[in-house]
Amino acid sequence: FERYSKNLSDICRQIGVKPHHLRLSPFVRSPGEDPAVANLRMKAHMEEARYHMGKLLTSVQRKRWKSSHKILLVVLDDVNDESEIGWFQFRYGGEGDKINDIVVTSRSSQINGAVVVT
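Because the structure is predicted, anything quoted here is derived from the model rather than measured. Numbering of residues begins from 1 in every chain and follows the order in which that chain's sequence is written. Residue-level local features of this predicted model are given only where pLDDT is at least 70; pairs of side-chain atoms are given and counted only at 80 or more, and the full residue set underlies all totals for whole chains, interfaces and linings. For the side-chain quantities, the full set of heavy atoms in the structure was used; hydrogens and water were omitted.

Peer 1: I'm lost on the overall build of the protein chain in this one. Help?
Peer 2: What counts as a helix is a DSSP run of H or I of at least four residues, what counts as a strand is a run of E of at least two, and both are numbered from the N terminus. Looking only at helices and strands, one finds 2 helices and 3 strands in the protein chain. Beginning at the N terminus, the succession of helices and strands in the protein chain can be written as α-α-β-β-β. Of all 118 residues assigned to the protein chain, the portion counted as buried reaches 36%. Of the roughly 7500 Å² of accessible surface on the protein chain, 51% is carried by carbon and sulfur atoms. Summary of the burial criterion: residues with accessible area below 20% of their type's maximum are buried, those above 50% are exposed, and those between are partly exposed, where the area comes from a 1.4 Å probe applied to protein chains only. All accessibility values rest on the Shrake-Rupley procedure with a 1.4 Å probe; residue burial counts only the protein chains present in the view.

Peer 1: Help me understand the nonpolar core in this model?
Peer 2: Nonpolar side chains in soluble globular proteins generally cluster together in the buried interior. Counting 27 residues, the largest nonpolar core has Tyr-4, Met-53, Val-74, Leu-76, Phe-88 and Phe-90 as its most contacted members. Contributing elements (two or more residues each) for this core: helix 1 (2-14), helix 2 (35-65), strand 1 (72-76) and strand 2 (100-104). Looking at this core, the element that brings in the most residues is helix 2, giving 7 residues. Contacts of Val-74, omitting those with residues within four sequence positions, involve Ile-11, Phe-88, Phe-90, Asn-100, Asp-101, Ile-102 and Val-103. The criterion is simple. A nonpolar core is a set of buried Ala, Val, Leu, Ile, Met, Phe, Trp, Tyr and Cys residues joined through side-chain atoms within 4.5 Å. Note on contacts: a residue pair is in contact if any heavy atoms of the two residues lie within 4.5 Å.

Peer 1: What exactly am I supposed to notice about the pairing of strand 1 here?
Peer 2: On a regular strand, each side chain points to the face opposite its neighbour's, so the side chains alternate between the two faces of the sheet. Because side chains alternate across strand 1, one face comprises the buried residues Leu-72, Val-74 and Leu-76, and the other comprises Leu-73 and Val-75, none of which is buried. Two strands qualify as a pair provided that DSSP identifies no fewer than 2 bridges between them. In the sheet, strand 1 pairs with strand 2 via 5 bridges, with the strands oriented parallel. What sits directly across from Leu-72, in strand 2, is Asn-100.

Peer 1: When you look at the pattern of salt bridges in this model, what are you seeing that I'm missing?
Peer 2: Note on pairing: side chains with opposite charge can pair once their charged atoms come close. What counts as a salt bridge is simple: a side-chain nitrogen of Lys or Arg found within 4 Å of a carboxyl oxygen of Asp or Glu. Overall, the coordinates contain 5 salt bridges when judged by the stated rule. Here Arg-3 and Glu-84 are joined by a salt bridge, their closest N and O atoms 3.5 Å apart. One end of the pair, Arg-3, is in helix 1; the other, Glu-84, is in the loop between strand 1 and strand 2, and 81 residues separate them in sequence. Under the relative-accessibility criterion, Arg-3 is labelled exposed at 58%. One salt bridge connects Lys-6 with Asp-10, and the closest N-O pair in it is separated by 2.8 Å. Residue Lys-6 and its partner Asp-10 are both found in helix 1; the two are separated by 4 residues, about one turn of the helix. Residue classification places Lys-6 among the partly exposed residues on the basis of a relative accessible area of 49%. A relative accessible area of 24% places Asp-10 in the partly exposed class.

Peer 1: Looking at this structure, I do not really get the packing of aromatic side chains. What am I missing?
Peer 2: A ring pair, where both rings are aromatic, is described by two values, the distance of the centres and the angle of the planes. Stacked, tilted and edge-to-face are the three classes applied to pairs of Phe, Tyr and Trp rings, where Trp contributes its six-membered ring and a pair requires centres within 6.5 Å; stacked means planes under 30 degrees apart, edge-to-face means over 60, and tilted covers the rest. A full pass over the atoms with the stated rule returns 2 aromatic pairs. Their ring planes at 65° and their centres at 5.7 Å tell us that Tyr-4 and Trp-87 sit as a pair that is edge-to-face. Taken together, the positions of Tyr-4 in helix 1 and Trp-87 in the loop between strand 1 and strand 2 put the pair 83 residues apart, joining distant regions of the chain. The buried category is assigned to Tyr-4, whose relative accessible area is 5%. Aromatic side chains Tyr-4 and Phe-88 sit 5.4 Å apart centroid to centroid with 70° between the ring planes, which places their arrangement in the edge-to-face category. Placement of Tyr-4 in helix 1 and of Phe-88 in the loop between strand 1 and strand 2 is noted, with a sequence separation of 84 residues between them. By the burial criterion, Tyr-4 is buried, and Phe-88 matches it. Among the aromatic residues, those joined into a ring-pair cluster are Tyr-4, Trp-87 and Phe-88.

Right, dumping it as structure tokens:
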């Protein structure tokens, strides 16, 4: 979660938005917590962060770019795990249509070359 929230903060900075607007809550593991339960809680935190990022991007799109088209290209470089890609697909208002495109590069033979995800 820490790496994911840092990546979201980096995206915010690159588009000129202060990361605190995401209102991310920290993920804290409880002592003695079952690892499976901790993973489920972490996934829920990440889903909430992705939802807030979609809402933030929707707001930025309406205020700054006044466009109804996709306004963000996320480049994921050297992806090792294909399951990571979906975490960077944001949606209008947090739950609508996709708001961004993704370009993926990887050295892994499991992921086929450079891929554009729309």
